Every structure is written in structure tokens, then in C-alpha cells.
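Listed here are the chains, written in short residue letters.
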Amino acid sequence: DIGELFAPFSKIAASNPHAAAPVERSAEELATITERNRIVAEPYTRMTVARDQVNQAAAIIIASAGKARELGVPEEKWVHIHAVTKATELELSVRPDLSANPASIGSVEAALDRAGKTIADIRFLDFYSCFAIPVFGQIDHFGLAVDDPRGLTLTGGLPFFGGAGNNYSAHAICEAVECVRASPGSYDLTGANGGWMSKYATGIYSSDPADWSGHDRFLALPPADNAVSRSDKPFDSATVESYTINRKKKGDVAVFIGRNADGERVCGNADLDDEATAAVFEGGEPFGVKLSVIQDDRGRNTGRVV
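Remember, predicted model here, so these are calculated numbers, not experimental data.

**Q** Sorry if this is basic, but what is going on with the overall build of the protein here?
**A** For the protein, the count of helices and strands is seven helices and twelve strands. Overall, the protein is about 70 × 45 × 35 Å in size when its C-alpha atoms are taken along their principal axes. The buried share among the 306 residues of the protein stands at 43%. Total accessible area on the protein is roughly 16,200 Å²; 52% of this is exposed by carbon and sulfur atoms. Put simply, the protein has 30 plus and 42 minus side-chain charges, and the middle of one group is 6 Å from the middle of the other.

Structure representation (C-alpha cells):
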């Protein structure tokens, strides 16, 4: 699924002169584990994660209509911001559903609503793509296909286009400006993620004018208030909700997040030296599995399959 999502991204990057990795790759190539395309952290291969060891930069100049006229910028080059929203997610360990990111969905929905548009009205899209999950969250919500004819990125995305650290979305906005200039009356939606899907911002752009006199086109969404209870006390058992395995040269490290016997959110490491535990986690389906847990004198929790 990740390979099928990102293959079209690589195709766009391949034709982008500013891309860090301008090579078109097939879904199979992206998904196949090789020495060069190793697993970084389950389930992500090296070619499907953000590429930030790059020398790239982008800059954006914002002006009022009066200043743009004063500077002599031709009106046919003007691009207007129709909506900007931002939303902050709960801390990772207290999110009720570890597979969901409602803040990002709320940000995009609010931006569309303020701009008076639906996702079908948007001609150009760039969903932040440090990993596949922020993109899947959006397209699953809106019912979009991985091969949507509009494309899901303008640049080629973080794994292929690149983008230094948190500056990637500046590149996406620059591409959006070029796109809506070349297609008068069209609209772009650019989504920007930060942290562990910790915050999300959305911008909608068009050559059509936008009325900012009401000062109501920038919206900060209220934070969620449905955090689950979290414990940092010792616990002797846990039921796994989610996990990953970080693949390292010095040895693999499995991390789990789950619930203790009281239903509180807890985390720890799965003991990959234990044969039964390793089999469950390496098999990719530890969800709902119960672990017995011990805590060492440094406070590290290590779980084994019961």
C-alpha cells in the first residue's frame, strides 16, 4: 500500500528540477526490502521516508494588494490566500485512537469551509508526506484514490523531492503559486504536518481575490479534550495497541504502546531476545497481545508475551 501510494510521488519528483531524488520508482521497488532499501522503522523502508539531508531552501513574500501595486507586481501574478488553519493534536501517548489524527482532518475541513470549497473544487493538492500515514489519513477521510488524477503532491513529496526539515511546505507553497498562476481561477490546498503528527496547518490559494477585511480567514482550532489516562508508574502487564521495530546497526529495538490492567496508557520495549515475543512482533500482528512487564532500576519497561 505504501509503495502504491508513493510511486506517483516519485514520478512527479523525477520531472522536478529541484528534487533531491529525481528518480521514478515503481510500487514494487519502493516496497521491496533490499540492502539499499532497508527497513528504517517498521513498516517503512528507506525510500519511503522523508529525505532531509539536502541543500534546499524556499522563500515566500507576502504583501497587501496596495504594497503589490506599489512594487509594480502585475495583477496576473497575484496569488491570494483564501484560508489558513492550524490545529494541535493531543500528545501521542494520550490519543484515544493511535491510528487517527483528527487535528489534521479538522484543519483541512476548516480551511475548505472557510474558503467555501469542497475537496472536489480543489485543482491542486499537496498533502504533507514525511511518511505515508499523514497522506493516508487525508485520502481515507476524503475518499481519494492513490492515483487521483490531480496528484497528491506538487513537488514529489518529502521522500523524493526532499525539503530541509520543517521547511518542506514552503516548497509546496512555491509550487502552488506557480500552478494557480498558470491556471487562473483554480484552487490549491497545501497541508503541513509537524512533529509526530502533532500539529497540522492548511492553506488554500488561488488567483481569485480573497476578502480579508473581516480578519476571519485565519483559524486556530481548539484542542481536543478527550485525552486518555496515562501512567508513568510501574506496571506488570500490558495489552499492545501499537508498535514499531527500529532497525539499528547495534541491534533492533521494538517499542510498544498499550494499556495496563487499569486501562491506562503505557509504553515500553518488547523483548526481542525472547523467542515467543520476537515471533509475534516480527510477524507484524502483536495488536491485542498481552505482555508481562518488568521494570529495571533505570525505569525501562520490558515486556514478554504471556
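**Q** Can you walk me through the layout of surface pockets in this structure?
**A** The method is simple in principle: a probe with the dimensions of a water molecule rolls over the atoms, and the space it marks as empty is what remains. Considered as a void within the structure, the second largest pocket measures approximately 860 Å³ in volume. Together, 24 residues line the second largest pocket, and Ile-61, Ile-62, Ala-63, Trp-78 and Val-79 are the ones closest to its centre. Secondary structure elements with two or more residues in the lining of the second largest pocket: helix H3 (65–71), strand E3 (80–88) and helix H6 (168–182). In terms of residue class, the lining of the second largest pocket is made up of 19 nonpolar, two polar and three charged.

**Q** Looking at this model, I keep getting lost on empty space enclosed by the protein. Mind explaining?
**A** Throughout the structure, instances matching the rule amount to one cavity of 30 Å³ or more. Space inside the largest cavity adds up to approximately 40 Å³. Lining the largest cavity are Ala-21, Arg-25, Met-47, Arg-51 and Phe-160. Per-class residue counts for the lining of the largest cavity are three nonpolar, no polar and two charged.

**Q** Is there a simple way to think about the nonpolar core in this case?
**A** Counting residues in each nonpolar core, the largest one holds 38 residues, and the members touching the most others are Phe-127, Leu-152 and Leu-189. Mapped onto this core, the elements with two or more residues apiece are helix H1 (2–14), helix H4 (102–115), strand E4 (124–127), helix H5 (132–142), H6, strand E5 (187–194) and strand E6 (199–206). Here this core takes six residues from H1, the largest share from any one element.

**Q** I tried to follow the pattern of salt bridges on my own but got confused; where do I start?
**A** Pairs can form between side chains of opposite charge whenever their charged atoms are close. A complete count under the given rule lists 14 salt bridges for this structure. Of the charged contacts in the structure, one is a salt bridge between Glu-70 and Lys-67, with a shortest N-O distance of 3.2 Å. Placement of both Glu-70 and Lys-67 in helix H3 is noted, with a separation of three residues, approximately one turn of the helix. You can call Glu-70 exposed: its relative accessible area is 60%. Arg-265 is paired through a salt bridge with Glu-241; the nearest N and O atoms lie 2.7 Å apart.

**Q** What am I meant to see in the state of the cysteines here?
**A** Working definition of a disulfide: a covalent bond connecting the sulfur atoms of two cysteines. Under the definition given, this model contains zero disulfides. In this model Cys-130 remains outside any disulfide bridge; the closest cysteine sulfur is found in Cys-174, 19 Å from its own.

**Q** I would appreciate a short explanation of the sheet that holds E5 in the present structure.
**A** Sheets are built from strands paired through backbone hydrogen bonds, the pairs being either parallel or antiparallel. The strand order across the open sheet formed by five strands is E4-E5-E6-E3-E7, and the pairing between neighbours is mixed. On the outer flanks of this sheet lie E4 and strand E7 (218–220), each paired with one strand and no other. Averaged over all pairs of adjacent strands, the angle between their axes in this sheet comes to 10 degrees, without regard to strand direction. When E4 meets E5, the two strands line up parallel, connected through four bridges. Looking across to E5, one finds that Asp-126 is bridged to Thr-190. Packing against the sheet, H6 makes contact with E4, E5 and E6, and its axis sits at approximately 180 degrees to E5.

**Q** Would you explain unusual backbone geometry in this entry?
**A** Across residues other than glycine, the phi torsion is negative in most instances, and most of the peptide bonds are trans. Residues Glu-42 and Pro-43 are joined by a peptide bond in cis, for which omega reads 5 degrees. Its place among the elements puts Pro-43 in the loop between strand E1 (39–41) and strand E2 (44–45). For Met-197, which is not a glycine, the phi torsion comes out positive at approximately 50 degrees. Summarising the element assignment, Met-197 is placed in the loop between E5 and E6.

**Q** Where do I start with H4 in this structure?
**A** Structural remark: α-helix, 3.6 residues per turn; residues separated by three or four positions point the same way. With 14 residues, H4 extends 20 Å between its outermost C-alpha atoms, agreeing within 8% with the 20 Å of an ideal straight helix rising 1.5 Å per residue. Among the residues making up H4, those that are buried are Ala-103, Ser-104, Ile-105, Ser-107, Val-108, Ala-110, Ala-111, Leu-112 and Ala-115. Buried residues along H4 sit against E3, H5, E5, E6 and E7. Gly-116 sits one or two residues past H4 and shows a positive phi near 70 degrees.

**Q** Help me out: how do you make sense of the packing of aromatic side chains in this one?
**A** Note on aromatic pairs: each is described by the distance of the centres and the angle between the planes. Overall, the coordinates contain seven aromatic pairs when judged by the stated rule. Between the aromatic rings of Phe-6 and Phe-9, the centroid separation amounts to 5.1 Å while the plane-to-plane angle is 75 degrees, which identifies the pairing as edge-to-face. In this pair, Phe-6 and Phe-9 are both assigned in helix H1, three residues apart and thus about one turn of the helix distant. Judged by relative accessible area, which is 1%, Phe-9 ranks as buried. Where Tyr-44 meets Phe-131, the ring centres are 4.8 Å apart and the plane angle is 65 degrees; that geometry is what we call edge-to-face. Separated by 87 residues along the polypeptide, Tyr-44 in strand E2 and Phe-131 in the loop between E4 and H5 bring together distant segments of the chain. Since its relative accessible area comes to 13%, Tyr-44 is described here as buried. Here the aromatic residues Phe-6, Phe-9 and Phe-160 are joined through ring pairs into a cluster of three or more.

Basis of the calculations
- Residues numbered from 1 in each chain as written.
- Predicted model: local features only at pLDDT ≥ 70, side-chain atom pairs only at ≥ 80, totals over all residues.
- Heavy atoms only, no water.
- Helix = DSSP H or I, 4+ residues; strand = E, 2+ residues; numbered from the N terminus.
- Buried < 20%, exposed > 50% of the residue type's maximum accessible area, 1.4 Å probe, protein only.
- Areas by Shrake-Rupley, 256 points an atom, 1.4 Å probe, with all protein chains shown as cover.
- Lys, Arg positive; Asp, Glu negative; His and termini not counted.
- Charge placed at Lys NZ, Arg CZ, Asp CG, Glu CD.
- 1 Å grid on protein atoms, 1.4 Å probe; cavity = no way out; pocket = protein on both sides within 12 Å on 5 of 7 lines; lining within 4 Å.
- Points joined across faces, edges and corners; volume = space filled by probe spheres on them.
- Nonpolar A, V, L, I, M, F, W, Y, C, P; charged D, E, K, R; others polar.
- Core = buried A, V, L, I, M, F, W, Y, C linked by side-chain atoms within 4.5 Å.
- Salt bridge = Lys/Arg side-chain N within 4 Å of Asp/Glu carboxyl O.
- Disulfide = S-S within 2.5 Å.
- Pairing = 2+ DSSP bridges.
- Axes fitted to C-alpha atoms, helices over the stretch in contact; angles between N-to-C directions.
- Contact = heavy atoms within 4.5 Å.
- Expected span 1.5 Å × (residues − 1).
- Phe/Tyr/Trp six-rings, centres within 6.5 Å; stacked < 30°, edge-to-face > 60°.

Geometry only, nothing functional implied.
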